[in-house]
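The lines below spell out each chain.
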Amino acid sequence: MVLATFGIRLLEAMFFFGMIGSAVVILISFIEDGKELFGKD
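These numbers come from a predicted model, not from an experiment. (Residues numbered from 1 in each chain as written. Predicted model: local features only at pLDDT ≥ 70, side-chain atom pairs only at ≥ 80, totals over all residues. Heavy atoms only, no water.)

(A) Structural detail: the overall build of the chain. The number of helices and strands found in the chain is 1 helix and 0 strands. The C-alpha extent of the chain, read off along each of the three principal axes, is 60 × 5 × 5 Å. For the chain, the residues scored as buried account for 0% of the 41 residues in total. (Helix = DSSP H or I, 4+ residues; strand = E, 2+ residues; numbered from the N terminus. Buried < 20%, exposed > 50% of the residue type's maximum accessible area, 1.4 Å probe, protein only.)

(B) The pattern of salt bridges, seen in detail. Counted according to the given criterion, the structure contains 1 salt bridge. Note that Glu-12 and Arg-9 form a salt bridge whose closest N and O atoms lie 3.1 Å from each other. Residue Glu-12 and its partner Arg-9 are both found in helix 1 (residues 2-38); the two are separated by 3 residues, about one turn of the helix. By relative accessible area, which is 34% here, Glu-12 ends up partly exposed. (Salt bridge = Lys/Arg side-chain N within 4 Å of Asp/Glu carboxyl O.)

(C) Spotlight on a nonpolar patch on the surface. Judged by side-chain polarity, Leu-3, Phe-6, Leu-10, Leu-11 and Met-14 come together as a nonpolar surface patch covering roughly 580 Å² of accessible area. Position of Met-14 relative to the elements: it lies in helix 1. On the accessibility criterion, Met-14 (52% relative accessible area) is exposed. (Patch = residues over 30% accessible without salt bridge, like charges linked within 9 Å, V, L, I, M, F, W, Y side chains within 5 Å. Areas by Shrake-Rupley, 256 points an atom, 1.4 Å probe, with all protein chains shown as cover.)

(D) Geometry of the packing of aromatic side chains. Throughout the structure, instances matching the rule amount to 1 aromatic pair. Seen from their ring centres, Phe-15 and Phe-16 are 5.5 Å apart, and the 70° between their planes marks the pair as edge-to-face. Given a relative accessible area of 49%, Phe-15 falls into the partly exposed group. Owing to a relative accessible area of 52%, Phe-16 belongs among the exposed residues under this scheme. (Phe/Tyr/Trp six-rings, centres within 6.5 Å; stacked < 30°, edge-to-face > 60°.)

Okay, structure coming up:
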């Protein structure tokens, strides 16, 4: 049971780190697209 609980906590941590990483990638992509769209005047 202890091993199962540890596995669940590990999966939760990986899930949240994955979500944070995805948010960072989306933010960087949004900034780069903004530069490309509004930078060429």
